Amino acid sequence: MQTPHMNYLAEKGVVFNQSYVLPVCTPSRAAMLTGYYPFKIGLQHGVIKDKEPMGLPLDFTLLPQELKKLGYDTHMIGKWHLGFCKWEYTPTFRGFDSFYGFYNGAADYYTHVQGAAHKVAGLDFRNNTKVVMDQRGIYSTDSYVNRAKEMIKYHNRSRPFFLYLPFQSVHSPLQVPKKFEALYAHIQDHDRRVYSGMVTAMDDAIGRIHQILKEYKMLRNTLIVFTTDNGGAPHHGGSNWPLRGAKTTLWEGGTRAVTFAYGSMLKKTGYVSDQLIHAVDWFPTFITAAGGKPNLKMDGVNQWRMLRFGQPSRRKEFVYNIDDVKFSAGIRFGNYKLILGSPGKYSTWYPQPQVSKHKHSNKVQLVGQGKHLYRKFSSEEYLQSSNPIKSLWKWFCCKTWSCAACEVTQPKKTQKQMKYMKKKLRKKMQNLKFPKGTETVNRNLYSLSGQTEHKVLNRLKKIVYRNEDKNENGVYLFNLKDDPLEQKDLSKRLPHIVQKLRTKLETYMNESLVPSHHVNNEPYSNPELYWGNVWSPGWCH
């Protein structure tokens, strides 16, 4: 991918190769802004949905609130996703002097409407508490960078400031200006091509922000930290190769974050750090960097000396998550990682997306390794074929519900019937035959999306990607130093290590687990019926 600006900042700063977050965005954001594990907050299970009457509990002090005590101006631009059913949950009531962005987890990048693909839709864009109406048709990344440049330009330089800028990129829906997608015309897979363009568009925005900081001579005393909030989603163009798993899972592919720091105050730079750091550590680390004293009772530990001088990490263990709804948990102690329960529904190794050297190449490539070997077609060959995947999708769709191409309307299937049908679908896919070839296609269809069939394929890929790991005991142990790809389960060979880490997890569960706060949807949240087609606070107590 073309990311010259992020590459520059990373190369001139510090890359953290052992940086960890939560499997999805709401818990990761809660961890970063509170310094506490999400299972102590009640936000450990999934994300806050648009119609859920809940938010980040008000009895937690957030990072911007502490920074304001130290004299900082605090600003937020981008994605919130920590609840908005009442004003008290929203950014300008949680320590931010200003907010320019959206409340939910996703939205159209141009219309800024959330829920258009579902039954309930509304505009989701705010300037502080006011609805933003003048950005329709403008790519959100551009809206955010323009706001950041304006804020930096007019900032009172006698006061320190904190800018929290969680871009909408590169979350679904996959959308990007054509000039960025065109940079990847050689990539045949539609999702991967657009996704790559989105990454480059974000990199361009980061470059523009870096440039204006330079123009206004603010780099001398500015620390820049970049981190992702979860792993990539292969069925939406992402890639965690060679790590195992994906977003939503406890595997390394779902929890190890791309992270780097840059700033003139860093005394050791230009290297890759293998020291442990977790999302909860950023709170006390930033407070220390700002001249304050962090709360020693929080889960986060102060990593400022590691960040600044390259000293050893003060962290020896961390909890991946404890999900009391899914009954899954994970912990790392030293080099050992223990998972109890299901790690998640994306449990394999998804091969790195491959591209042909020539855009219109008719060569057939074999991609992947071992059991993940599958046949990749050029888009031209795929379009000339008899579209076996499209036919298979029609079979599954017509057997389970109603598609436009179906002759008979099917009654709604029960959960048990759907499970049986998905099992049959996987079996059919394992024996799927393609024209001009004899290879058997694996369940991983990562690079088979033809340009005109990608929407059909995406729905099919979602089904086949969600393959549960077959560990019957639900206990996994890995030595991440020797086995960073999580290929060798040591749980049966090292039962004493399993017991030691299990005891640690059970202590966390018994002493500090707060039940998940997730509740039923609130009908009064409907923006179309009650809020003038805008997602708005005011419908919970």
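Reading the values: the criteria
- Residues numbered from 1 in each chain as written.
- Predicted model: local features only at pLDDT ≥ 70, side-chain atom pairs only at ≥ 80, totals over all residues.
- Heavy atoms only, no water.
- UniProt positions renumbered as here; feature names shortened; annotations may be inferred.
- Disulfide = S-S within 2.5 Å.
- Helix = DSSP H or I, 4+ residues; strand = E, 2+ residues; numbered from the N terminus.
- Buried < 20%, exposed > 50% of the residue type's maximum accessible area, 1.4 Å probe, protein only.
- Salt bridge = Lys/Arg side-chain N within 4 Å of Asp/Glu carboxyl O.
- pLDDT = per-residue confidence, 0-100.
- Contact = heavy atoms within 4.5 Å.
- Phe/Tyr/Trp six-rings, centres within 6.5 Å; stacked < 30°, edge-to-face > 60°.
- Lys NZ or Arg CZ within 6 Å of the ring centre and 35° of its normal.
- Pairing = 2+ DSSP bridges.
- Axes fitted to C-alpha atoms, helices over the stretch in contact; angles between N-to-C directions.

The name given to the protein in an unreviewed UniProt entry is Arylsulfatase B isoform X2, with the source organism recorded as Lingula anatina. The UniProt entry for the protein carries this comment under Sequence similarities (unreviewed entry): "Belongs to the sulfatase family." Quoted verbatim from the Cofactor (unreviewed entry) heading of the UniProt record, the comment on the protein is "Ca(2+)".

Undergrad: Summarise the state of the cysteines; cite the residues concerned and give the values.
TA: Summed over all chains, the structure comprises 1 disulfide. With a sulfur-sulfur separation of 2.0 Å, C85 is cross-linked through a disulfide to C540. Where C85 bonds to C540 through sulfur, the torsion about that S-S bond is close to 65 degrees, and the disulfide is right-handed. With a gap of 455 residues between them, C85 in the loop between strand 3 (73–79) and strand 4 (98–102) and C540 in the segment after helix 15 (527–530) connect regions that are remote in the sequence. There is no split in this pair, since C85 and C540 are both buried.

Undergrad: Summarise the pattern of salt bridges; cite the residues concerned and give the values.
TA: One pass over the structure, following the stated rule, counts 14 salt bridges. The salt bridge partner of D97 is K68, with a shortest N-O separation of 2.6 Å. Here the residue D97 occupies a position in the loop between strand 3 and strand 4, and K68 occupies one in helix 3 (residues 63–69), the gap between them amounting to 29 residues. Residue K68 is classed as partly exposed on the basis of its relative accessible area of 36%. The shortest N-O distance in the salt bridge between D73 and R159 comes to 2.9 Å. On the criterion of sequence distance, the pair formed by D73 in strand 3 and R159 in the loop between helix 4 (140–153) and strand 9 (161–164) is long-range, its members being 86 residues apart. Of the residues examined, D73 reaches a relative accessible area of 14% and is grouped as buried.

Undergrad: For the confidence of the model for the protein, give the residues involved together with the corresponding values.
TA: With 79% of its residues at a pLDDT of 70 or more, the protein shows a mean pLDDT of 85. Every residue in residues 434–457 scores below 50 in pLDDT, and together they form 86 contacts with partners more than four places removed in sequence or on other chains.

Undergrad: Mind laying out the packing of aromatic side chains, listing which residues take part and the relevant values?
TA: Following the criterion strictly, the structure yields 26 aromatic pairs and no others. Plain terms: the ring middles of Y109 and Y139 are 5.3 Å apart, the flat faces sit at 20 degrees to each other, and that makes the pair stacked. Residue Y109 is found in the loop between strand 4 and strand 5 (113–114), and its partner Y139 is found in the loop between strand 8 (130–131) and helix 4; the two are separated by 30 residues along the sequence. Ring geometry for F318 against Y320: centres 4.7 Å apart, planes inclined by 55 degrees, an arrangement best described as tilted. Taking the relative accessible area as the measure of exposure, F318 reaches 1% and is therefore buried. Three or more aromatic residues link up through ring pairs in this structure, and these residues are F84, F99, Y103, W535 and W539. When the ring centre of W251 is taken as origin, the NZ or CZ atom of R244, which lies over that ring, is 3.8 Å away. The side chain of K337 reaches across the aromatic face of Y320, ending 4.3 Å from its centre.

Undergrad: Quick rundown of unusual backbone geometry? Include the residues and the values.
TA: For the bond from S169 to V170, the omega torsion is 0 degrees, close enough to zero to count as cis. With respect to the helices and strands, V170 occurs in the loop between strand 9 and helix 5 (178–181). Cis geometry marks the peptide bond from S172 to P173, where omega comes out at 5 degrees. Relative to the helices and strands, P173 resides in the loop between strand 9 and helix 5. The phi dihedral of K217 falls on the positive side, at around 55 degrees, and the residue is not glycine. Within the element layout of this structure, K217 appears in the loop between helix 6 (190–215) and strand 10 (224–227). According to the relative accessible area criterion, K217 is exposed, its value standing at 72%. Phi angles above zero are rare outside glycine, and F327 is one such case at about 55 degrees. Here F327 shows up in the loop between strand 14 (317–323) and strand 15 (328–333).

Undergrad: Which residues make up the sheet that holds strand 4, and what values go with them?
TA: Spatially, 8-7-4-3-9 is the arrangement adopted by the 5 strands of the open sheet, whose pairing is mixed. Of all strands in the sheet, those bounded by a partner on one side alone are strand 8 and strand 9. Where strand 3 meets strand 4, 5 bridges bridge the pair, whose relative direction is parallel. When the bridges of strand 4 are listed, H75 appears paired with S98.

Undergrad: I'd like to hear about the sheet that holds strand 15, residue by residue, with values.
TA: Taken in spatial order, the 4 strands line up as 14-15-16-19 in an open sheet, and their pairing is antiparallel. Single-partner strands in this sheet number two, and they are strand 14 and strand 19 (475–479). Neighbour-to-neighbour, the strand axes of the sheet open up by a mean angle of 10 degrees, direction not taken into account. The pairing of strand 15 with strand 16 (residues 336–340) spans 5 bridges and is antiparallel. What sits directly across from R332, in strand 16, is K337. Strands strand 14, strand 15, strand 16 and strand 19 of the sheet are contacted by helix 14 (residues 495–512), whose axis makes an angle of about 115 degrees with strand 15.

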